[in-house]
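One letter stands for each residue in the lines below.
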Amino acid sequence: MTDMTPRERVLAALRMEELDRPPVAVFTQSATIGQMEALDVYWPEAHSDPRMMAKLSAGQADVLGFEAVRATFCLTSEAEVLGAEVDPGKMNSQPMLKSHPYKDAFKAKEEVDLPSPEEVLNSGRPKVILDAVEILVKEYGDRYPVIAGNTGPFTLAGHLADTENLVFGIIMSPDEVKKWVKAAAEYTDYFTQALSDAGADVVQMSEPTASCDLLSPEMFEEFASPYLKEGYAKLKGAKSCLHICGNTYPILEHMIATGADALSIEEKVDPVKAVESVAGRVPLVGNVGVVHPLLQGSPEDCIKHGKAVAAAGLNVVSPGCGLSALIPNENLLALVKSVKG
Amino acid sequence: MNAQAETLRKNLVDAIVECDIDKTKSNVEASRGILSPQEIIDALSEGMHEVGIKFERGKLFLPHVMVAANAMTSAVALIEGDLAESMTGGSRGHVVMGTVEGDVHDIGKSIVSTMLQCAGYDVNDVGRDVPTATFLEAVKEGNADVLGLSALMTTSMQTQKEVIETLIEKGMRKDVQVIVGGAPVTQAFSDKIGADGYSENASEAVKLVHRLLGN
Ligand code: B12
């Protein structure tokens, strides 16, 4: 099996086939300063140029030896084309939302006319991502799996109408919350399919705002699940991977029930317990800690954690959440080595 | 407290724990004139404290905390007038309170502000994502006795330190007592950055300020 390409290995792992070792790949935001310096491509420019984005997206493979390439480094591009102001960030920090275009409309329970998904998602930075995916497929697709990231409906609804409005609205105006998550899902579904059509092997959707830090499992079931489920049922082509931050152990069942082809989990979940609970029904991706050991630990710590996650039986060994740009190369190289040997 | 007052008090606590804004407000209206403003606030705070405990234990979730905090703030607004009248002694001290720059978490900070206000302090809540310069201006302008800094993220905790360093730089450190809080902050961190006090929650924060100002 040593002559498998990384692409074959990752896709086999996602089919839960028996392998001599799991693949090690960054399924979450993968860019770091170490890669930017090695490739001479930097944030914030790489967020808005398809060539630069593609080059930096392949950094995890070219510079560090991970077994995937992965496009886009943030969760703000969809909201931006829908009218949110975005601070592009710096070389070491991700773009950040500065405003929520439908904050007041939510409060006033206004009916608003939203632009069509085709129109906005084929413009601005979403278009940059689509183009970067096409470049990656052309240049890396024979050897590496191409992973594309996007924003989940509950999280995007928060970006549009303000997350605080959504969280407060869950108790005070639940119908309004559902209206906005449904509206956001139109964009999410369109973009997931567009990324798949551009040739992505996997679309990893991040839904951090629906985490257990903000919603109870019952609220997740009522306000987030239905829209994820509908979207996944329609998706053709790419495999879907659902990423939620925080301790998602209490909602693993709900996450499986969305119909996602794979689940990506954070370090707050005990990997052994997660594998036991999921029991082979869906492949698991994760969950080496981003703050500890990757950012703050030593290479030895990273080797230890990488081995522990592989031994627990996660199907793809990956960081549990988006990488901090400040994570040193040594630590990422150590993680790769812990799995590949 | 007589039986009627005790029932009203209990209803106030319950309305907050049930995270019911309308019920909290109508219970406050029903209690006015029977319970003192201070008794009303104590009951609301007791409810909020219970909400906090239930949140930590995973019995209540963030939407509940946000609604309960809103219920408390709107209930306090109803009796602000009564409160001013009942506080014959005037303000017990001036507090500037805010969440540091780069951090938008303000639910806990606002609860601390409300509770300090209820305890008789004159509180200038400068909001969230507050630049260091704004904190310093507010301290100077209001001749504040206490500056409260909230931070909910490991990254923004460093900014609490920066604010203290800037106070030292500008020669203002000895004019004001600095207290720090927020979930990731600890007593050890507070000591390390040279703050005058730390507390884990809003009711402890009130005791802390009493202690620092000798009230
Ligand atoms: C609510 C929340 C939000 C809301 C905030 C709404 C608001 N208006 O505040 C929203 C959705 C907007 C949000 C956004 C983000 N969040 Co947030 N959020 C939370 C959450 C779930 C709860 C915080 C809370 O309100 N607790 C309830 C209150 C009552 O408690 P409290 O704040 O601790 O306050 C009490 C005490 O600490 C004390 N106290 C507080 N302040 C002070 C001050 C003084 C002087 C004193 C004495 C005492 C004191 O008294 C209070 C009352 O008892 C926490 C996770 C958690 N479970 O804590 C994450 C959390 C804080 N968020 C986190 C993150 C990462 C974010 C985002 C960056 C996410 C993102 N990628 O967009 C953004 C940050 C944007 C920014 N730049 O700030 C992380 C921080 C991780 C870290 N690095 O440390 C946490 C820990 C979640 C996690 N597990 O990852 N978040």
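Colleague: Would you take a moment to explain the interface of chain B and chain A for this structure?
Modeller: Accessible area lost when the parts come together is the quantity often used to give the size of an interface. Chain B puts 9 residues into the contact, and the matching count from chain A is 13 residues. Across the interface of chain B and chain A, roughly 1100 Å² is buried in total on both sides, 75% from carbon and sulfur atoms. Counting the contacts that link chain B with chain A gives 1 salt bridge. Between A:Glu164 and B:Arg128 there is a salt bridge whose closest N-O contact spans 2.6 Å. Inspection of the chain B/chain A interface yields 1 residue pair in polar contact (both at pLDDT 80 or more). Sort the elements by how many residues they give to the side of chain B that touches chain A and helix α4 (residues 62-78) of chain B lands first, with 6 residues. Considered class by class, the residues forming the side of chain B that touches chain A number 6 nonpolar, 2 polar and 1 charged.

Colleague: Which parts of the structure should I look at to understand the sheet that holds strand β3 (residues 146-150) of chain B?
Modeller: In any sheet, the strands associate via hydrogen bonds between backbone groups, in a parallel or an antiparallel arrangement. Residue and element names in this part refer to chain B. The 5 strands lie next to each other as β2-β1-β3-β4-β5, forming an open sheet whose pairing is parallel. Here the strands that pair on one side only, and so sit at the sheet edges, are β2 (122-125) and β5 (197-198). Sheet strands in contact with helix α8 (residues 154-169) are β3 and β4 (177-181), and its direction is about 150° off that of β3. Across the sheet, helix α10 (residues 202-213) lies against β3, β4 and β5, angled at about 165° from β4, the strand it touches most.

Colleague: Please explain the domain arrangement of chain B as it appears in this structure.
Modeller: All names here are of chain B. For chain B, the assigned domains are domain 1 (3-86) and domain 2 (94-212). Centre-to-centre separation of domain 1 and domain 2, based on C-alpha positions: 25 Å. Contacts between domain 1 and domain 2 engage 13 residues on the former and 8 residues on the latter. A combined buried area of about 780 Å² lies between domain 1 and domain 2, and 76% of that area is made up of carbon and sulfur atoms. When the area that domain 1 buries against domain 2 is broken down by residue, the three leading residues are Met48, His49 and Met72, summing to 30%. Across the contact surface, domain 1 and domain 2 share 0 salt bridges. For the pair domain 1 and domain 2, the interface holds 0 residue pairs in polar contact (both at pLDDT 80 or more).

Colleague: Where do I start with the coordination of the cobalt atom of the ligand in this structure?
Modeller: A four-donor tetrahedral metal ideally has 109.5 degree angles, and a six-donor octahedral metal ideally has angles of 90 or 180 degrees. The sole protein-derived ligand of the cobalt atom of the ligand is B:His105 (NE2), positioned 2.2 Å away. As for its placement among the helices and strands, B:His105 is situated in the loop between β1 (94-99) and α6 (107-118).

Colleague: Explain the pattern of salt bridges here, please?
Modeller: Note that side chains of opposite charge can pair when their charged atoms are close. Inspection of every chain in the model, using the stated rule, returns 28 salt bridges over all chains. Across the pair A:Arg15 and A:Glu17 runs a salt bridge whose closest N-O atoms are separated by 2.7 Å. Here B:Lys10 and B:Asp14 are joined by a salt bridge, their closest N and O atoms 3.1 Å apart. Residue B:Lys10 and its partner B:Asp14 are located together in helix α1 (residues 3-17), separated by 4 residues, close to a single helical turn. If you follow the salt bridges from partner to partner, you end up with A:Arg9, A:Asp20, A:Arg21 and A:Glu67 in one network.

Colleague: Teacher, can you tell me more about the environment of A:Ile147 here?
Modeller: All names here are of chain A. Along the chain, the position of Ile147 falls in strand β4 (residues 146-151). According to the relative accessible area criterion, Ile147 is buried, its value standing at 0%. Excluding residues within four positions of it along the chain, Ile147 makes contact with Val26, Phe27, Ala68, Val69, Arg70, Ala71, Val202 and Gln204.

Colleague: Could you clarify how one ought to interpret the site of the ligand in this entry?
Modeller: Taken together, 34 residues form the shell around the ligand, and within it B:Val104, B:His105, B:Asp106, B:Ser150 and B:Thr154 come nearest. Contacts to the ligand include B:Ser150, whose side-chain N or O atom sits 2.7 Å from a nitrogen atom. Contact between the ligand and B:Gly182: an oxygen atom at 3.5 Å from a main-chain N or O atom of the residue. If you list the elements that add at least two residues to the shell around the ligand, you get α10 (163-172) of chain A together with α6, β3, β4 and α10 of chain B. A total of 4 residues in the shell around the ligand trace back to one element, the largest contributor, which is α6(B). Residues that form the shell around the ligand fall into these classes: 16 nonpolar, 11 polar and 7 charged.

Analysis parameters
Residues numbered from 1 in each chain as written. Chains lettered and ligands numbered in written order. Predicted model: local features only at pLDDT ≥ 70, side-chain atom pairs only at ≥ 80, totals over all residues. Heavy atoms only, no water. Contact = heavy atoms within 4.5 Å. Buried area = accessible area lost by both parts, 1.4 Å probe. Salt bridge = Lys/Arg side-chain N within 4 Å of Asp/Glu carboxyl O. Polar contact = N/O pair within 3.5 Å; in protein donor to acceptor, adjacent residues only side chain to side chain. Helix = DSSP H or I, 4+ residues; strand = E, 2+ residues; numbered from the N terminus. Nonpolar A, V, L, I, M, F, W, Y, C, P; charged D, E, K, R; others polar. Pairing = 2+ DSSP bridges. Axes fitted to C-alpha atoms, helices over the stretch in contact; angles between N-to-C directions. Domains from an automatic or database assignment. Donors = N, O, S within 2.8 Å, 3.2 Å for Na, K, Ca; no water. Buried < 20%, exposed > 50% of the residue type's maximum accessible area, 1.4 Å probe, protein only. Near = heavy atom within 4 Å.

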